Amino acid sequence: SNPVLVADRPWEDGVNLFLRLSADYRIDERWSWRTSIHYDTVTSPVAANSAVADYSIYTSLSRQLDYGSVAGGLTYSTSDYEATGATTGGWDAGDNLRLFATYWRPVREWLDFRAMLEYATNEGERDWSQWVFGIGLNARF
């Protein structure tokens with residue numbers, strides 16, 4: 001995949017950099033692997049005169065079944081707050097880990113069934129962890 005470097009979103013007196021590298025690899029006719037690395041700096045939504053530098057890594061492995069597919073993977077991200085001027089206080093860096101498994105299968109030509117299980121945990125300004133289970137139908141018109 002082609003790397004992307006963008007430097008066109010200014011914040012304060014600097015430049016906001018965005019970088020994403022991604023790769024898709026088909027192991028054989030049933031297995032595939034997808035991975036990406038992402039870096040972005042944005043103006044902080046919660047702290048005046050500061051920016052957030054976010055780094056993340058994503059990877060997943062999927063298997064095509066006779067009728068549908070399954071996948072599993074993880075996303076890890078860390079965020080650092082950087083002062084861009086006079087600020088009232090600092091925010092802690094945050095680390096977030098997400099593990100997931102998904103299942104997909106067509107029900108009809110226009111209808112798909114999807115299920116997912118996810119565990120996420122966060123350490124930093126607020127520590128938390130959660131389990132999420134979801135099922136749904138996607139219709140195409």
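Just so you know, these numbers come straight off a predicted model, no measurement behind them.

A.B. asks: Describe in detail the pairing of strand β6 (residues 94–108), supporting the description with residues and values.
C.D. replies: Each regular strand shows side chains that alternate between the opposite faces of the sheet. Two elements, β6 and strand β7 (residues 111–123), share 13 bridges in a ladder whose sense is antiparallel. Each bridged residue has a counterpart across the sheet, and for arginine 108 the counterpart in β7 is leucine 111.

A.B. asks: Account for the environment of arginine 63, naming residues and giving values.
C.D. replies: Tracing the backbone shows arginine 63 in strand β4 (residues 50–65). Since its relative accessible area comes to 28%, arginine 63 is described here as partly exposed. The sequence separation of arginine 63 and glutamate 29 amounts to 34 residues, and the corresponding C-alpha distance is 9.0 Å. Not counting chain neighbours up to four residues away, the residues in contact with arginine 63 comprise Arg30, Trp31, Ser69 and Val70.

A.B. asks: Which residues make up the pattern of salt bridges, and what values do they have?
C.D. replies: Here the structure, examined in full by the defined rule, presents 4 salt bridges. One salt bridge connects arginine 98 with glutamate 118, and the closest N-O pair in it is separated by 2.6 Å. Here the residue arginine 98 occupies a position in strand β6, and glutamate 118 occupies one in strand β7, the gap between them amounting to 20 residues. Using a relative accessible area of 28% as the deciding quantity, one classes arginine 98 as partly exposed. The class of glutamate 118 is buried, set by a relative accessible area of 12%. Arginine 140 serves as the salt-bridge partner of aspartate 112, at 2.6 Å between the closest nitrogen and oxygen. With aspartate 112 in strand β7 and arginine 140 in the segment after β8 (128–139), this residue pair connects regions lying 28 residues apart in the sequence.

A.B. asks: Describe the confidence of the model for the chain, listing the residues and the values that go with them.
C.D. replies: For the chain, the average pLDDT comes to 84, and 77% of its residues sit at 70 or higher. Across residues 1–12, confidence stays below pLDDT 50; counting only partners more than four residues off in sequence or on other chains, it has 28 contacts.

A.B. asks: Go over the pairing of β8, please, and point to the residues and values.
C.D. replies: With 12 bridges joining them, β7 and β8 adopt antiparallel strand pairing. Residue pairing in the sheet places phenylalanine 113 in a bridge with leucine 137 of β8. Where β7 folds back onto β8 in an antiparallel hairpin, the turn is made up of 4 residues, including glycine 124, whose phi is positive at roughly 150°.

A.B. asks: Can you break down the side chain of serine 77 residue by residue, with the values?
C.D. replies: Among the secondary structure elements, serine 77 is positioned in strand β5 (residues 68–83). Excluding residues that lie within four positions of it along the chain, serine 77 makes contacts with Asp54, Tyr55, Ser56, Gly94, Asp95 and Asn96.

A.B. asks: Lay out the environment of aspartate 80 with the relevant residues and their values.
C.D. replies: If you trace the backbone, aspartate 80 turns up in strand β5. Note: C-alpha distance between aspartate 80 and threonine 41 (39 residues apart in sequence) is 9.3 Å. In this view, aspartate 80 contacts Ala51, Val52, Ala53, Tyr55 and Ala93; residues no more than four positions away in its chain are not counted.

Cut-offs applied
Residues numbered from 1 in each chain as written. Predicted model: local features only at pLDDT ≥ 70, side-chain atom pairs only at ≥ 80, totals over all residues. Heavy atoms only, no water. Pairing = 2+ DSSP bridges. Helix = DSSP H or I, 4+ residues; strand = E, 2+ residues; numbered from the N terminus. Buried < 20%, exposed > 50% of the residue type's maximum accessible area, 1.4 Å probe, protein only. Contact = heavy atoms within 4.5 Å. Salt bridge = Lys/Arg side-chain N within 4 Å of Asp/Glu carboxyl O. pLDDT = per-residue confidence, 0-100.

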